[in-house]
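Report on the structure
Below, each chain spelled out in residue letters.
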Amino acid sequence: MSLQIGDTFPSLTLKVLGEKGPEDVTTDSLLSGKKVVLFAVPGAFTPGCSNTHLPGFVMKADEIKARGVDSIICTAVNDAFVMGAWGKAQNAEEIIMLADGLGELAKAAGLDQDLSAPGLGVRSQRYAMIINDGKIELLNVDATGVDKSSAETVLAAL
Ligand code: BEZ
């Protein structure tokens with residue numbers, strides 16, 4: 001069963017890339033008392049995520065934040081080094097690149113998927129959420145393509 005609108009986002013300790021390497025960060029510290037847009041992608045540097053999904057949020061970050069969003073988080077089942085490098089390559093300074101290296105978030109959310117066929121293993125589904133003080137207010141999952149979880153769709157919902 002996947003997370004639903006109205007549910008509390010799972011409490012987990014994940015990683016971000018800091019100056020000296022991977023650092024722990026809790027989802028509670030990222031979400032508590034804040035309005036947050038979080039989007040998840042199947043993989044850093046994959047075509048749909050690199051050409052469309054993340055660049056859309058980079059382009060719309062200021063407009064999204066102007067609608068009262070404190071932070072925008074991008075997560076994937078990739079390690080902190082990969083997430084940091086991907087954020088740097090995409091000029092995603094305004095976006096927190098949250099590494100779910102072990103797939104704990106994807107599994108806790110019930111939004112994991114098996115991408116063994118193309119050689120990626122267990123990854124996250126593609127989705128976007130609006131989360132207010134830890135409570136999920138919007139959850140849009142894309143089975144194919146980048147549509148319901150796009151920056152444009154999330155912006156329209158804010
Ligand atoms: C993509 O283009 O986003 C993608 C490609 C292969 C596997 C997962 C995602």
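The structure we're discussing is the one just above.
The structure contained in this document is the topic of the report that follows.

**Looking at the packing of aromatic side chains**
The tally for this structure, following the rule as stated, stands at two aromatic pairs. Between the aromatic rings of Phe39 and Phe57, the centroid separation amounts to 3.9 Å while the plane-to-plane angle is 10°, which identifies the pairing as stacked. Taken together, the positions of Phe39 in strand 3 (residues 35-41) and Phe57 in helix 2 (residues 47-66) put the pair 18 residues apart, joining distant regions of the chain. The pair formed by Phe39 and Phe57 is uniform in burial state, with each residue classed as buried. With a centroid separation of 6.3 Å and 45° between ring planes, the pair formed by Phe45 and Trp86 is classed as tilted. In this pair, Phe45 is assigned in the loop between strand 3 and helix 2 and Trp86 in helix 3 (residues 80-89), connecting sequence segments 41 residues apart.

**Things to note about helix 2**
Relative to the 28 Å expected for 20 residues at 1.5 Å per residue, helix 2 spans 29 Å between its end C-alpha atoms, a close match to the ideal helical length. If you follow the buried residues of helix 2, they end up packed against strand 3, strand 4 (71-76), helix 3, strand 5 (95-99), strand 8 (126-132) and helix 5 (151-157). In the segment just after helix 2, Gly68 is the residue with positive phi, at about 90°.

Scoring rules and cut-offs
Residues numbered from 1 in each chain as written. Predicted model: local features only at pLDDT ≥ 70, side-chain atom pairs only at ≥ 80, totals over all residues. Heavy atoms only, no water. Phe/Tyr/Trp six-rings, centres within 6.5 Å; stacked < 30°, edge-to-face > 60°. Helix = DSSP H or I, 4+ residues; strand = E, 2+ residues; numbered from the N terminus. Buried < 20%, exposed > 50% of the residue type's maximum accessible area, 1.4 Å probe, protein only. Expected span 1.5 Å × (residues − 1). Contact = heavy atoms within 4.5 Å.

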